[in-house]
Every structure is written in C-alpha cells, then in structure tokens.
Amino acid sequence: MTETTTRAAGVRAGEPNAHGYRTYSLGEFTFSRDEYFAHVTWPTGSHVMSIDGFLRATQRDVAWQFFYGVVNFDDVVGTINHYGNVDLFAGTFNDAYRRAEVDHLENFPHEEIFATFVAMLDDWTNAGFDPFASPEETGTPWGDKAGSNTAAVSRKRVTAQRMVGVPGDEPLRSDATHPINRMFADVDQSEPEIHAEPGFEDEVAAFNLFAYLSRSDVTWNPSVVSVCKDSLYCPTTEEYILPIVHGNDRVEWFVQLSDQIEWEVADKESGSRRARVVMRPGDVAAMPADIRHQGYAPKRSMLLVWENGSPELPQMIAEGRAPTYPVEM
Ligand code: PHB
Ligand code: FE
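How each quantity is defined
- Residues numbered from 1 in each chain as written.
- Chains lettered and ligands numbered in written order.
- Predicted model: local features only at pLDDT ≥ 70, side-chain atom pairs only at ≥ 80, totals over all residues.
- Heavy atoms only, no water.
- Domains from an automatic or database assignment.
- Contact = heavy atoms within 4.5 Å.
- Buried area = accessible area lost by both parts, 1.4 Å probe.
- Near = heavy atom within 4 Å.
- Polar contact = N/O pair within 3.5 Å; in protein donor to acceptor, adjacent residues only side chain to side chain.
- Areas by Shrake-Rupley, 256 points an atom, 1.4 Å probe, with all protein chains shown as cover.
- Helix = DSSP H or I, 4+ residues; strand = E, 2+ residues; numbered from the N terminus.
- Expected span 1.5 Å × (residues − 1).
- Buried < 20%, exposed > 50% of the residue type's maximum accessible area, 1.4 Å probe, protein only.
- pLDDT = per-residue confidence, 0-100.
- Lys, Arg positive; Asp, Glu negative; His and termini not counted.
- Salt bridge = Lys/Arg side-chain N within 4 Å of Asp/Glu carboxyl O.
- Core = buried A, V, L, I, M, F, W, Y, C linked by side-chain atoms within 4.5 Å.

(A) How the structure looks around the domain arrangement of the protein. Taken domain by domain, the protein holds domain 1 (3–153) and domain 2 (182–217 + 219–318). Between domain 1 and domain 2, the C-alpha centre-to-centre distance is 25 Å. Listed by partner, the interface residues are 23 residues for domain 1 and 26 residues for domain 2. Counting the surface domain 1 buries against domain 2, the share from its top three residues, Tyr 68, Asn 72 and Phe 93, is 30%.

In structure tokens:
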C-alpha cells in the first residue's frame, strides 16, 4: 500500500542501543544500525543494507540536499526531491514490491528529513571512516560505536556563484589544503596565462580544470565549478562505485575527461536493465530523464556532469512538454 503523510520538523532519536548507536524515526520509518548493517523498517516491511554503502549513500543525499529527482540507496530504499519537501520511500521503484503492495512512501518537509539524516550520519560514522573517500583511502565503518568524524561528514560540495578561481568566488586548490591525488600524479599543474584587454582585467578568468580535479579529496561528489544561467558544469572525480543509483528528473550530459567509467542504466520506474555504457576519455553521453544509473570506476577518473538546473524541467518532462531525451537524431 502506498501512503503519503506530511509532518512538522524535529529529529526523533532513541537512546543508544547495545552497539552505541541511536535509532531514528521518520514518520512510520525507523533506521537502526549494528556492527555491520543499517536496518530500515516501515509498516509493511523491513530492509537491510551493508553499513558502508548506507553511509556513503546518506552522505551524498545530505551533501547534495537530496539532489535532482530520485536518490536510490539501492533497489528498495531512497528519496525523491520535490525541492522544498522530500519523499522517503521503500519499494516505490521496485516492481516486485509494488505488485506485492508492500511499498511505502511518506513525504517530509525538507528540514525534517535533512536534520534526521544529518544526525544519523554523524552518529553512525566512526572515527577513521570517511564516506566520501574511496575505499582505498579511508578506514572501515564496522563495529560498535567508536568516536566520530564530524569534519568529514559535514563537508558540503563546492558551489561556485560564477566560476571557481574568480575573485570572491570559490578558491582554487593548493598543496596546503588539497594535495594531488595519488592517481593523478602525472596531471600538469600549470595554470593558463590571461592577457586581458586593459579595463577588462576583472572580467576575464581561466583556470586549469584538470589540475583542480587532480586535487579532489572526495569521490562521486560533483562540484558546481561554473554557472551560466541554468547551465551548471559539475565535474567530479570517481573511484569504485557511485554510492547511489540516481533516478534522473532531467537529461544529464556526461563528458568523460580521463580514464574509464562503466554505467549500468535501468528503467527509472521498474529497475529493469536498459543499457550498459562504457565511457572512455573524450566520450560524451546524454543520460535520459526516464532512467536510473550507477557508475563503476576501476581507477580514479575525471567526469564532467553537465546539468540544466532549470526548476521548470521536471514538471515539463512529467507533462510531456519536454522530451526525456536531449536531441532528435
Ligand atoms: C549522476 O547521478 O548523474 C552522478 C552523480 C554523482 C556523480 C556522477 C554522476 O559523481
Ligand atoms: Fe544522474
């Protein structure tokens, strides 16, 4: 049965359990953790996820403020962003759960689900584990509660107003704060020379995007490095597996800047497989608005995600006023 309710803000957390972790309630959902797993329950069912994947997914959902469209933690649990309020669901995008009528969906004000996810992520992340880092570059999340890693889990993604490196906007990265990643040791670090006409010195800017990305300390976390009206350039460095399965609510363009990413592309609603896309340097792909996708990067790689941030797009696509694909061939 699908239920929808709306509730006021406030984090509902229980006392620490035998493993030291609190249990969180959102509407009729509960979230609890033990040494290895996150457990999710709702009135018609329950679900279990490995805690590493659960924390990595929650970290993205929090840092991206629920992102565009659907953030599937796996093929059962996830969130839908309605930009102001958010659905939390179990089985909504899973054919078998829907047929068995054990799916469940509740709507929350953004602030309520956000505050709960922030509190849960902080409580459940032990010292030494960074959900944003690649598995090779961080410790493990297992075991009873042992310390915390608030600095890591409260990171926000870089969001430029116009472009990183422009005076007063997001700064470029330096050795002091962002050393070059082990897998990008060969990336040229020289910055472009700018020769502006007199009087235009404040209006011309350029930076080395490859150098910028080579210094990223996180994986699967697109930064908004340039903004031109609704056109958002969101490059990112990827290693291992995208911790969420993204259900698009608009077309996204991918430009593979270096190395290789393999994408599993499935139907947004049912989860049935639609395509496998292997992207090598220079490859460009448009991901349609009616799919879900998850990327696999065998080695740290650079990806440019190009988003149309227009708030009107989801409604236009839902009503058939805009297509789910970007170009008519
Ligand atoms: C996506 O869902 O399009 C996406 C999300 C995070 C990334 C890359 C792509 O790092
Ligand atoms: Fe996506």
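Picking up where we left off.
(B) Local environment of the site of ligand 1. Around ligand 1, 15 residues are found, and the nearest of them are Trp 220, Glu 238, His 246, Glu 252 and His 293. A distance of 2.5 Å is found between an oxygen atom of ligand 1 and a side-chain nitrogen or oxygen belonging to Glu 238. At 3.2 Å from an oxygen atom of ligand 1 is found a side-chain nitrogen or oxygen belonging to His 293. Considering ligand 1 on its own, with 280 Å² of exposed area, one finds that the protein chains cover 100% of that surface.

(C) View of unusual backbone geometry. Of note in the backbone geometry, Gln 65 takes a positive phi value of approximately 50° without being a glycine. Structurally, Gln 65 can be placed in the loop between helix H1 (51–63) and strand S6 (70–72). Despite not being glycine, Phe 67 shows a phi value in the positive range, around 60°. Looking at where Phe 67 falls in the secondary structure, it is placed in the loop between H1 and S6.

(D) Region of the structure containing H1. Given a rise of 1.5 Å per residue, 13 residues ought to cover 18 Å, and the 18 Å separating the end C-alpha atoms of H1 matches this to within 8%. Within H1, 12 of the 13 residues are buried, which leaves the element mostly enclosed by the surrounding structure. After H1 finishes, the residue Gln 65 shows a positive phi value of roughly 50°.

(E) Inspection of the confidence of the model for the protein at higher detail. On average, the protein scores 95 in pLDDT, and the residues at 70 or more come to 97%. Taken as a whole, residues 1–8 scores under 50 in pLDDT and shows 25 contacts with residues more than four places along the chain or in a different chain.

(F) Local environment of the side chain of Arg 173. Along the chain, Arg 173 falls in the loop between helix H4 (150–153) and helix H5 (209–214). Buried charge Arg 173 goes without a salt bridge, the closest partner of opposite sign being Asp 217 at 5.9 Å. Within polar-contact distance, the side chain of Arg 173 engages the backbone oxygen of Tyr 212 at 3.0 Å. Other than its neighbours up to four places away in sequence, Arg 173 contacts Val 158, His 178, Tyr 212, Leu 213, Arg 215, Ser 216 and Ser 223.

(G) Structural context of the nonpolar core. By size, the foremost hydrophobic cluster in this structure holds 53 residues, and its most contacted members are Phe 31, Phe 54, Leu 88, Ile 113, Phe 117, Trp 124 and Trp 263. At six residues, H1 tops the list of elements feeding residues into this core. If near-sequence neighbours (up to four positions away) are discounted, Leu 88 is found in contact with Leu 26, Phe 29, Phe 31, Gly 78, Thr 79, His 104, Leu 105, Glu 106, Phe 108, Ile 113 and Phe 117. Met 163, Val 164, Phe 184 and Tyr 212 belong to the second largest nonpolar core, which has 12 residues in total.

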